[in-house]
Amino acid sequence: MENNMLNQHPADIAEQLTALDIKSRNIAFYLLSNDDKVDVFSYFEPDVQYEVVKSLTDEDLAEVLNNLDPDDRTELFENFPDELIKHSINLLNPEERAIALNLIGYKEDSIARLMTPNYIQVKEHYTVKQVLAHIKKYGKKAETLNYIFIVDGKNRLLDDLKIGEILLADEETKVEDLIDHNFVSLTTTTPLEEALEVFDKYDRSAMPIVTENNVLVGIVTFDDILDRMKMRDTEDIQKFGGMEELDVSYTKTPIAELIKKRAGWLVILFIGEMFTASAMSYYDQEIEKAVVLALFVPLIISSGGNSGSQAASLIIRAMALGELKLKDWWYVMKKEFASGLILGGILGFVGFIRILIWQELGIYSYGEYWLYVALTVALSLIVIVLWGTLSGSLVPFILRKIGFDPATASSPFVATLVDVSGLIIYFTIAAILLSGKLL
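Residues numbered from 1 in each chain as written. Predicted model: local features only at pLDDT ≥ 70, side-chain atom pairs only at ≥ 80, totals over all residues. Heavy atoms only, no water.

Named according to an unreviewed UniProt entry, the chain is Magnesium transporter MgtE originating from Empedobacter brevis NBRC 14943 = ATCC 43319. What the UniProt record of the chain gives under Sequence similarities (unreviewed entry) is the line "Belongs to the SLC41A transporter family." Under Function (unreviewed entry), UniProt gives the following word-for-word description of the chain: "Acts as a magnesium transporter." (UniProt positions renumbered as here; feature names shortened; annotations may be inferred.)

Written out as C-alpha cells, the structure is:
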C-alpha cells in the first residue's frame, strides 16, 4: 500500500487510510516513512488521530509529536484526556516541550492557541543578502515565507516585510531602509472572534502575535484561521437550528450522541409550545363564540415566528461578521421597528384582501361581521410581525450581554417565543374589535 501512496498528497493518503478499519489503518500508517507519518497525521480528523496515537509505540509517537507543527499539536492535545496529554508532553524533546507548554497555557478562546513559533525573523541591521541567507538556513521549518518579521535586540516587533519586497531589493540594502514601522499585529490574549475580524479587515495570509510589551512570540496563518472560522460557523448553524453543536462531523456522530445533542432543546421548545396550548385554552370561550377566529391562528403565529427568525438570522450573522456590537442595539431597534411595521403592513394587507375575495366570491362566508374579522386579522398581523421582528433582533443582543452565544437565539426558540405572545396579541385585538358583535 505504501508504494501506491508515495506520489500522493498527504491529504489524499489520510483520506484513504481513514476509510480503512482501525487495524488496517494503524498497520498502513505504521508502514509510512517518518516524514510521511507527520504529514499524513496532521490531515486526520481528531478522532482518527486519537485512534492512531493509541496504536503507536512511544518512539513512533515521539517522532510524530516532535515534528508536528506546534499549532496542530496544540489542537491535538485539546482532544486528549489529561493523562495522555501528560504522557505525550513527556515524549517531546526539551525545545518542543517548552513550546507545547507555552501554547497550552493560553486561554482556549485566545488567538495564541493557534499560533506557531516557526517563522522567519531578522534584525533591522541585516542586509537583504543576510536575510536571504537566513531564509535558506531556517526557512524549511517556517510555517510561511510570505512575510519576514523584523525585531530589535529585545525581540520586540518593529515591522514585517512581504517576501517580494526582499526579493526585489538590492542585496546591500539594509532592512531598516525598507521598513516604515507601520504594521498590524495581535496580542496573545486577543479573543479568537476579534482576531477573525482583524484577519478579514486586513486580508493577511499571516499575522504576528505579540505580548502586551510588543514582544514577538509567534504567528498565525490564514489556514489555521480558516479552519477555526469553519468550526465557528458550523457550531452557529447547529445552534441556530435548535440543538447543541456536534463535537465531530455529522457522519461520525453516533445516533445516541445525536439524540443527546438534540433532545435537550426539543424538550425546552416543547415546554415552550405548551404555553401556546395554554394560551389557546384561556381563550376557548372566544373561540367557541367565534369559531372563525381559530381559522387564522396558524396564519397569525407562523407569520410572527417567521419574521422573528428572519430578524434573528440577520442580526446573528451581522454580529459574527463584526458588523454589529452591543452598543448598536438601539440603531437595530429603530431599523427593525420600521422594517417590522412595513412588513406587517404588507402581510396585513394581503390577509385583508384574502378575506375580502373569499367573502365576495362566496368561497367561504365569514358572516355579517366579516369586515371586522378582516380588520382583526390585518391589525393582528401588523402588530405580531412587528413584535416578532423586534424580538428576533433584540434576543441576540440580550444573550451577548449576559455572556451567552448569540447563535443560541435559534430559529425554533424565537418562533416559540413569538407563538405564545402572538396568540395573546391576536385574541386581545379580536376582543376589542369584535366585542358586542361576534364576542
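Chemist: In this structure, what is going on with the pairing of strand S3 (residues 157-162)? I would like to understand it.
Modeler: On a regular strand, each side chain points to the face opposite its neighbour's, so the side chains alternate between the two faces of the sheet. The element S3 is largely enclosed, with a buried count of five among its six residues. Of the strand pairs in this sheet, strand S2 (residues 147-151) and S3 are connected by five bridges, and their pairing is antiparallel. Among the inter-strand pairings, Ile150 is bridged to a residue of S3, identified as Asp159. From the end of S2 to the start of S3, which pair antiparallel, there are five residues, and Asn155 there has a positive phi angle of about 65 degrees. (Buried < 20%, exposed > 50% of the residue type's maximum accessible area, 1.4 Å probe, protein only. Helix = DSSP H or I, 4+ residues; strand = E, 2+ residues; numbered from the N terminus. Pairing = 2+ DSSP bridges.)

Chemist: In this structure, what is going on with the nonpolar core? I would like to understand it.
Modeler: If you look at soluble globular proteins, the nonpolar side chains tend to sit buried side by side. With 28 residues, the main nonpolar core has Leu17, Phe29, Val40, Phe41 and Phe44 as its most contacted residues. Secondary structure elements with two or more residues in this core: helix H2 (10-18), helix H3 (22-31), helix H4 (34-41), helix H5 (46-55), helix H6 (58-67), helix H7 (70-78) and helix H8 (82-90). When residues in this core are grouped by element, the largest group, four residues, is from H6. By size, the runner-up hydrophobic cluster in this structure holds 24 residues, among which are Phe296, Val297, Val414 and Tyr426. (Core = buried A, V, L, I, M, F, W, Y, C linked by side-chain atoms within 4.5 Å.)

Chemist: What is the right way to look at the sheet that holds strand S1 (residues 121-123) in this model?
Modeler: Across a sheet, paired strands are connected by hydrogen bonds in the backbone, their directions being either parallel or antiparallel. Strand order across the open sheet formed by three strands is S1-S2-S3, with mixed pairing between neighbours. Bordering the open sheet on either side are S1 and S3, each of which pairs with just one other strand. Looking at each pair of strands side by side, their axes are set apart by 30 degrees on average, direction ignored. Pairing of S1 with S2, which is carried by three bridges, proceeds in the parallel orientation. Following the sheet pairing, Gln121 is matched in S2 by Phe149. (Axes fitted to C-alpha atoms, helices over the stretch in contact; angles between N-to-C directions.)

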